[in-house]
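Structural characterization, general
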Amino acid sequence: MTTYDDRASLTDLTATVERVRSSVEGVIEGKPEVVRLSLTVLLAEGHLLIEDVPGVGKTMLAKALARSIDCSVRRIQFTPDLLPSDITGVSIWDQQRRDFEFKPGAIFAQIVIGDEINRASPKTQSALLESMEERQVTIDGQTYELPSPFMVVATQNPVEMEGTYPLPEAQRDRFMARVSIGYPSADAELQMLDIHGGVNPLDDLQPVAHAHEIVKLIDAVRGVHVAEPVRRYAVDLVAATRTHPDLRLGASPRATLHLLRAAKASAALSGREYALPDDVQALAVTVLAHRLLPTAQAQLNRRTAEQVVQEILQRTPVPAAPQQSGFGGLGRGAPAYPQQPPRRL
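Residues numbered from 1 in each chain as written. Predicted model: local features only at pLDDT ≥ 70, side-chain atom pairs only at ≥ 80, totals over all residues. Heavy atoms only, no water.

For the structure on display, the rule yields four aromatic pairs. Centroid distance phenylalanine 102 to tyrosine 144: 4.1 Å. Interplanar angle 10°. Geometry classified as stacked. In this pair, phenylalanine 102 is assigned in strand β5 (residues 99–104) and tyrosine 144 in strand β8 (residues 142–145), connecting sequence segments 42 residues apart. Its relative accessible area of 23% is what places tyrosine 144 among the partly exposed residues. (Phe/Tyr/Trp six-rings, centres within 6.5 Å; stacked < 30°, edge-to-face > 60°. Helix = DSSP H or I, 4+ residues; strand = E, 2+ residues; numbered from the N terminus. Buried < 20%, exposed > 50% of the residue type's maximum accessible area, 1.4 Å probe, protein only.)

Here it is in structure tokens:
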């Protein structure tokens, strides 16, 4: 069992994340909430799906995050002729050794950028399933562990459907969160012209954190305390998606786990050693919506999964804070969650 100083861990986390955030925001102007979500997913040991229209910086965000950390990075351009072995690797016969030698594929990196993931066939998309969930690859009966930290950042275009293959539910469920960057404000776009007009800011981007630092920060996030009422609140939110009349497929137990992990990472990024219902609420839409399938009637009524999650958030009671237990404040005039969680991982 490993012990650690919570405050020292959070201090290190805040300083390191601030360096990475500043580095990424130097490339992606006017989208601090998107950058924060990307870092939240990284520290929660998840994978990120960036879904938006062309030209808003999806690939730029993924590259900026990857280059800001001194770790191995591989980029995969998904196309219809891409094979599963191009991703996972292949065993090749070695004439001199008279034996098969494994040649690792592009998935053997700490940050993998999957550009336009929905342009590959379902057979190729499925090559990511084992690696994203179990962080390993099995080839010819042999299992190979993937490096740590490991994160897949995938992009896809939701409006250009010609020559694309929609991600199956099993694939979407493995992404911890989905984010849409959106168009920048007029001021941010003007600033982008000044910065990107002459040079590519990615060319001057230098790593500001090491992979071993990120591994330590992930360990610190695992130790963030989540009180039982907050855990039950997350379970209630996910359970409500499974019985909602506008949904034919609700969120999975994996979604509950991802929501809790993301809430812990968000709390750590805020400098707290414990998670609040606010952390769960802030992440519910981005963590749950992409896993849900609306009914045909809901689609006719133009009801989106995001709207359904917002409705569930409004209807689900927020856990009341105990009055006499040495709890810290929620910012609502009532005590909330312990400031002294168990000091162990």
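There's more to say after this.
The next subject is the environment of valine 24. Within the secondary structure layout, valine 24 lies in helix α1 (residues 6–25). Overall, valine 24 belongs to the buried group, its relative accessible area being 1%. Remark: the alpha-carbon pair of valine 24 and lysine 63, spanning 39 residues in sequence, is separated by 9.1 Å. When near neighbours in sequence (up to four residues on either side) are disregarded, valine 24 contacts Val35, Leu61, Ala64, Leu65 and Ser68. (Contact = heavy atoms within 4.5 Å.)

It is worth spelling out the sheet that holds strand β1 (residues 48–51) at this point. What the five strands build is an open sheet, ordered β3-β6-β9-β1-β10; its pairing is parallel. Lying at the two open borders of the sheet, with one neighbouring strand each, are β3 (73–77) and β10 (177–179). Strand-to-strand twist across the sheet, computed as the mean angle between neighbouring axes with direction ignored, equals 15°. By the bridge criterion, three bridges tie β1 to β10 in an arrangement that is parallel. The residue bridging isoleucine 50 from the neighbouring strand is valine 179, located in β10. Seen against the sheet, helix α2 (residues 32–43) touches β1, β9 (151–156) and β10 and runs at an angle of roughly 160° to β10. (Pairing = 2+ DSSP bridges. Axes fitted to C-alpha atoms, helices over the stretch in contact; angles between N-to-C directions.)

With the rule as written, the count across this model stands at 18 salt bridges. Its salt-bridge partner being aspartate 173, residue arginine 254 comes within 2.4 Å of it at the nearest N-O pair. One end of the pair, arginine 254, is in helix α11 (residues 253–269); the other, aspartate 173, is in the loop between α7 (169–172) and β10, with 81 residues separating them in the sequence. Owing to a relative accessible area of 8%, aspartate 173 belongs among the buried residues under this scheme. Glutamate 306 is paired through a salt bridge with arginine 178; the nearest N and O atoms lie 2.3 Å apart. Here glutamate 306, found in helix α14 (residues 305–315), pairs with arginine 178, found in strand β10; they are 128 residues apart in sequence, far enough to count as distant. Look at glutamate 306 and you get partly exposed, because its relative accessible area is 30%. Overlapping salt bridges bring together Glu133, Asp173, Arg254 and Arg291 as one network. (Salt bridge = Lys/Arg side-chain N within 4 Å of Asp/Glu carboxyl O.)

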